[in-house]
Amino acid sequence: MTEGDGYTVLNRDEFEQMEGSGECSWGLARKSLGVGAFGMNLVEIGPGGQIPEHDESGRDHEEVFIVWDGDGTAVIDGTETEAPKGTFVRVSPEVRRTIRNDGDANLRVLIVSAPRSSGYEPMGWG
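As a starting point, this report considers the structure included with it. (Residues numbered from 1 in each chain as written. Predicted model: local features only at pLDDT ≥ 70, side-chain atom pairs only at ≥ 80, totals over all residues. Heavy atoms only, no water.)

### Looking at the side chain of Thr 98
Mapped onto the elements, Thr 98 comes out in strand 10 (residues 97-100). Accessibility expressed as a relative area gives 4% for Thr 98, which makes it buried. From its side chain, Thr 98 meets the backbone oxygen of Ile 51 in a polar contact 2.5 Å long. Discounting residues that sit within four places of it in the chain, Thr 98 has contacts with Gln 50, Ile 51, Pro 52, Glu 53, Thr 73, Ala 74 and Val 75. (Helix = DSSP H or I, 4+ residues; strand = E, 2+ residues; numbered from the N terminus. Buried < 20%, exposed > 50% of the residue type's maximum accessible area, 1.4 Å probe, protein only. Polar contact = N/O pair within 3.5 Å; in protein donor to acceptor, adjacent residues only side chain to side chain. Contact = heavy atoms within 4.5 Å.)

### Structural notes on the pairing of strand 9 (residues 88-91)
Burial along strand 9 is one-sided: the face carrying Val 89 and Val 91 is buried and the face carrying Phe 88 and Arg 90 is not. Examined bridge by bridge, strand 6 (residues 61-69) and strand 9 share four bridges and lie antiparallel to one another. Each bridged residue has a counterpart across the sheet, and for Glu 63 the counterpart in strand 9 is Val 91. (Pairing = 2+ DSSP bridges.)

### Let's talk about the sheet that holds strand 8 (residues 79-84)
As summarised here, the arrangement of the three strands in space is 8-7-10, forming an open sheet in which the pairing is antiparallel. The open sheet is flanked by strand 8 and strand 10, the only strands paired with a single partner. Here the average twist between neighbouring strands, direction ignored, is 25°. Bridge analysis of strand 7 (residues 71-76) against strand 8 gives six bridges, and the strand direction is antiparallel. When the bridges of strand 8 are listed, Asp 71 appears paired with Pro 84. (Axes fitted to C-alpha atoms, helices over the stretch in contact; angles between N-to-C directions.)

Structure follows, in structure tokens:
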């Protein structure tokens, strides 16, 4: 780990870990880096596993699932969509969602979230 005034640099292997249900292991990226403006976690899903199906309407969180490694299946309000490595899936707060691993190898997914009401303002070029 490298830290300085206003920054932290970590390798994903240095994230605090939390075991979850459904063959999942969570790398607590937000907590480990000290991020306060948005949520961010790296989940590793074993074969046959999935993250808990949920919505974020209670917290008004929009989520983006970024498939970092492996081949996943995004299940959005019951509709299954292939999500291989390199896929980005954006989900509104009120929509039910999960990411499932139907493959034989581990699936790694970076999940980024923030409330829609946070007041994000895009850069002029974005």
